[in-house]
Amino acid sequence: MLNLNLRNKLLLFALGAVLILGIVTLISVKVTVHRLLSNELMVKGQFITHHLAVESSRPLLTENYFDLTITVKEYPGLDKDVSYAFIESGEGDVIAHSFESGFPVELRGINRPASGEEFSTVSIETNKGSIVDIAYRIMGSDIGFAHVGMNRDHLIQNVRSVTNIIMRIILGALIIGAISSIFLAIRITKPLSKLVHASKMFGKGDLDKRVNINTKDEIGELAETFNFMADNLSKSDEMLRIKVNEHEKAEEFIKNILETVEVGIIVIDRDFTVTSVNKAYCNQTKMDREDIIGKKCYKVSHAYDSPCFEEGEDCAVKRTFESGMPDESVHIHTDSFGSSVHVELRSYPLRGPSGEVRAAIETLNDVTDRLKLEDQLRQAQKMEAIGQLAGGIAHDFNNILTAIIGYSSILKEKIGEDEELAHYVENVLSSSERAAALTRGLLAYSRKQVLQPKPVEINKLIRNLARFLKPVIGEDVELKTELSKDDLLVMADRNQIEQVLLNLAANARDAMPRGGTLMIETSMSSIDDAFIRSHGYGEIGKYVHIVISDTGTGIDEKVLEKVFDPFFTTKEVGKGTGLGLSMVYGIVKQHKGYITAYSEKGKGTAFKVYLPLVESWAEDEEEVEVIRDELKGSETILLGEDDEVIRRLIKMVLQDSGYRVIEGEDGDSVLTLFRKHKDQIDLLLLDVIMPKRTGKDAYDVIKGERPDIKVLFISGYTSEFIKREKIIEEGAEFVYKPISPAGLLKKIREVIDS
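A short tour of the structure in this document, coming up. (Residues numbered from 1 in each chain as written. Predicted model: local features only at pLDDT ≥ 70, side-chain atom pairs only at ≥ 80, totals over all residues. Heavy atoms only, no water.)

### Side note on a nonpolar patch on the surface
What counts, and what does not: The patch calculation keeps residues exceeding 30% relative accessible area without a salt bridge and links them within 9 Å when they carry like charges or within 5 Å when they are nonpolar (Val, Leu, Ile, Met, Phe, Trp, Tyr). Accessible surface is estimated by sampling points in the Shrake-Rupley manner with a 1.4 Å probe; for residues, cover comes only from the protein chains shown. A side-chain nitrogen of Lys or Arg and a carboxyl oxygen of Asp or Glu constitute a salt bridge if their distance falls within 4 Å. In this text, helices come from DSSP runs of H or I with a minimum length of four residues, and strands from runs of E with a minimum of two, each type numbered from the N-terminal end.
Residues L19, I23, I27 and V31 make up a contiguous nonpolar surface patch of about 360 Å² in total accessible area. Within the secondary structure, V31 is located in helix 1 (residues 6-61).

### With respect to the sheet that holds strand 12 (residues 477-482)
To keep it simple, the criterion reads: DSSP-based pairing: two strands are paired if at least 2 bridges between them are found. Orientation is described by lines fitted to C-alpha atoms, with helices fitted over the stretch in contact, and by angles between N-to-C directions that extend from 0 to 180 degrees. Here, residues are in contact when the closest pair of their heavy atoms is within 4.5 Å.
With mixed pairing, 5 strands are arranged side by side in an open sheet as 12-14-15-17-16. Here the strands that pair on one side only, and so sit at the sheet edges, are strand 12 and strand 16 (594-600). Each strand axis lies, on average, 15° off the axis of its neighbour in the sheet, ignoring direction. Here 10 bridges tie strand 14 (residues 516-527) to strand 15 (residues 541-550), and the two strands are oriented antiparallel to one another. Paired with I527 across the two strands is G541, which belongs to strand 15. This element, helix 11 (residues 458-473), spans strand 12, strand 14, strand 15 and strand 17 (604-612) of the sheet and lies at about 175° to strand 12. In the packing of helix 12 (residues 494-511) onto the sheet, contacts are made with strand 14, strand 15 and strand 17, and the angle to strand 15 comes to roughly 30°.

### Quick look at the state of the cysteines
Under the convention used in this document: When the sulfur atoms of two cysteines come within 2.5 Å, that pair is taken as a disulfide. Burial here depends on accessible area, computed with a 1.4 Å probe over protein chains only, as a share of the maximum for the residue type. Under 20% is buried, over 50% is exposed, and the range in between is partly exposed.
The final tally for this structure, using the stated rule, is 0 disulfides. No disulfide involves C308; its sulfur sits 4.0 Å from that of C315, the nearest cysteine. For C308, a relative accessible area of 7% translates into the label buried. Overall, the relative accessible area of 9% leaves C315 in the buried class.

### Examining the side chain of R647
Turning to its location among the elements, R647 is positioned in helix 16 (residues 644-656). The buried category is assigned to R647, whose relative accessible area is 11%. With residues near it in sequence (within four places) discarded, R647 still touches L639, E641, D642, E663, G664 and E665.

### Some remarks on the nonpolar core
Stated precisely, the cut-off is as follows: By nonpolar core we mean a set of buried residues, namely Ala, Val, Leu, Ile, Met, Phe, Trp, Tyr and Cys, connected to one another through side-chain atoms within 4.5 Å.
Core analysis: the biggest nonpolar cluster contains 38 residues, and I458, L504, L518, I546, F564, I595 and L611 have the highest contact counts within it. Of all the elements in the fold, those that place two or more residues in this core are helix 11, strand 13 (489-492), helix 12, strand 14, strand 15, helix 15 (580-590), strand 16 and strand 17. Those residues in contact with I546 that sit more than four places away from it in its chain are I458, L501, I520, E521, T522, F607, K608, V609 and L611. Counting 23 residues, the second-largest nonpolar core is a separate cluster that includes I650, I739, I748 and I752.

### Notes on the packing of helix 11 against helix 12
Short version of the rule: Angle categories: roughly parallel below 35 degrees, roughly antiparallel above 145, roughly perpendicular from 65 to 115, and oblique for all the rest. With the far helix as reference, a near helix turned anticlockwise by less than a right angle produces a left-handed crossing, and one turned clockwise produces a right-handed crossing. Note on residue categories: nonpolar means Ala, Val, Leu, Ile, Met, Phe, Trp, Tyr, Cys or Pro, charged means Asp, Glu, Lys or Arg, and polar means any other residue, Gly included.
For the pair helix 11 and helix 12, interaxial distance at closest approach is 10 Å and the crossing angle is 40°. The angle between the axes of helix 11 and helix 12 places the two elements in the oblique class. In this structure, helix 11 meets helix 12 at a crossing whose hand is right-handed. Only R494, I497, E498, L501, L502, A505, A506 and R509 of helix 12 make contact with helix 11, whose side of the interface consists of I458, L461, I462, L465, L469, V472 and I473. When the residues that make up the contact of helix 11 with helix 12 are grouped by side-chain class, the tally is 12 nonpolar, no polar and 3 charged.

### Topic: the packing of aromatic side chains
Put simply, the rule reads: In summary, the pairing rule links any two rings of Phe, Tyr or Trp, Trp by its six-membered ring, whose centres are within 6.5 Å, and it sorts them by plane angle into stacked for under 30 degrees, edge-to-face for over 60 and tilted for everything else.
Summed over all chains, the structure comprises 10 aromatic pairs. Considering the side-chain rings of F272 and F309, the 5.8 Å spacing of their centres and the 50° angle between planes classify their relative orientation as tilted. Linking F272 in the loop between strand 6 (264-269) and strand 7 (274-277) with F309 in the loop between helix 7 (297-302) and helix 8 (316-323), this pair joins segments that are 37 residues apart in sequence. Taking the relative accessible area as the measure of exposure, F272 reaches 13% and is therefore buried. Between Y699 and F713 the ring centres are 5.8 Å apart and the planes differ by 90°, which places this aromatic pair in the edge-to-face class. Note that Y699 is positioned in helix 18 (residues 695-705) and F713 in strand 21 (residues 710-715), a separation of 14 residues in sequence.

### Thoughts on the pairing of strand 15
Burial of strand 15 is extensive: 8 of the 10 residues sit out of reach of the surface. Pairing of strand 15 with strand 17, which is carried by 8 bridges, proceeds in the antiparallel orientation. Counterpart to I548 in the pairing with strand 17 is F607.

### Let's talk about the environment of Y281
Position of Y281 relative to the elements: it lies in helix 6 (residues 279-285). What makes Y281 buried here is its relative accessible area of 1%. The sequence separation of Y281 and N365 amounts to 84 residues, and the corresponding C-alpha distance is 9.0 Å. Once residues within four sequence positions are removed from consideration, Y281 is found in contact with G264, I265, I266, I292, V300, S301 and L364.

### Description of the pattern of salt bridges
Between side chains of opposite charge, a pair can form as their charged atoms come close. Applying the stated rule across the entire model yields 22 salt bridges. Here K603 makes a salt bridge to E600, at a shortest N to O gap of 3.6 Å. Of the residues examined, E600 reaches a relative accessible area of 48% and is grouped as partly exposed.

### Re the pairing of strand 17
Most of strand 17 sits inside the fold, with 7 of its 9 residues counted as buried. Summarising the sheet, strand 16 and strand 17 pair through 7 bridges and their orientation is antiparallel. Opposite A597, over in strand 17, you have F607 as the bridge partner. In textbook terms, the turn of a hairpin is the stretch between consecutive antiparallel strands, and for strand 16 and strand 17 this stretch comprises 3 residues, one of which, G602, has a positive phi near 85°.

Printed below as a string of structure tokens:
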């Protein structure tokens, strides 16, 4: 058996497998078919017997044995699978049957269902073959039984018929399998025979083939041939191939590393000529590899015609050539498009066989984005510090300003025609407004000032503002405007944007002490990926572009870097707070916009403002000045204010305007006074933060007792603090300190009349 060739082995295996599979299949199918047909015969018999029992119940009960006989003999369910049918009484008498030559004695009493069962089956052998007798209770009682005999011989004949068909199929499959096995054996062994012959030819000179199969057939012979060829390999050829392969792998590995890292890498010889470069450096310079290799490094990086250290640059490569040690420096390189790139340089010596420094490997890491992020972080930290300062002083400072503005306004009304006193009061009010503006400036810079954004058409705003700019910039400064023909709509706080333009105009005026030109230009612009990469900031979209430029003295480059810093000013002591441009910066940022400054010494300055463009249009209605008499009323107001000076001021203003005032100094007293005068009070005027109980807490209790009560909150805290602490609900009526008496009366009137 072991000496058979591969072809005979395959053939023998295939025929054996087909034969075994056929036998197993024949036995399985025969058993399965017999079981299925037996089950089918029994199910059919039970159905026929049950149906016969039902059909026989009426004639049996009425003792109509003639009809019962007709029912049994002509029962439609009798066919070749059914040998007989008969009805047996409860006493064991055969009442009706289907036999033509008389009822067989051997069937009498052989089968009856046990107590509690509907039917039973018994297999018997008769002179007519194998029979399965099925007995069914008629009407579920012992009055009679229906019997049906199922022919098992017909079942066996069907099983044999099916088995014969399966045997023919298996025999056909065996023949087909044998033919297929012969065909496959020839197909498999023929290529192997050819390979045996080919291996003898390869053994004479082909050294690349290997095989390791130990058998006695053709494959074994092929293995011996290949092993013979392997013995002819020389050790020198093998070692040479290994070394070449290792060298190629190492070279490919190093190349992949250099091309994969994001750090620029170049090799520079002693003449400062670039001899090798990786992909990252090409991306930094935006140049092709062919345009870099062979050129001087200072020509590529700086566009210099002589070494950069001769131009005053800090050159790490030069020091590496001199000391033979690694070195580092920071440079500003220029790419092929003229853009500046900040890079960190590190140079490493590349030594020859005798240890001399033949070249330098220089790594260049682009840190432009990192430096921009650091600048933005520093700016954010400044804003946060100013915001904390502003938030800390806003409450107390605004309370003080409220008292000063309020009492000054009352004093102005009461002094009448005295011009000298009126002048003093005007100065007090003017100084108070400047102090309030200073607080708003701090909040605006830190982006904590509350905004009232509405759709604003920038061109229209500039046209209206231009009429008021002349007194600001002076007679010797010419104002020019070039406004876009497009509708430039932004969602903004009109007053804040006007403040931006006024501050920039005032700065331009100070930069032109001998006169000049102030130009305001508008256009529609877009911020895209290229803009963001170039400037280091921005969000993709459409923007309104406003340029405010002057022909003044310009700003020094070092000063330009700090123009938006808070409290930074180049003006003389007493002539500037250092918050003008800081406020501008904060307002623009609060409107989700961007501002940049461009200037050259002696050539003027340009501020470029980008504000997000919106599509919808909505005209702001002009506010109508309210006459003081229209602000009067006769309602009763419950005032809650913990600051005694402010409380007396508000009470005086309200009483002078005809209102009845009930005053409380904290939340608990407000609650007590309300319950005492519940039905008389028309409005609650509550400070947000009060001792014992906040104004919001007091209002919540009062609202539970009187849901229709109206309330107006007032506070010197910033809106950011109130929103963060969730002191009042969204949409509640609210006014900020400082507020003028007229402004307070107007808001009270609006809330009462709403």
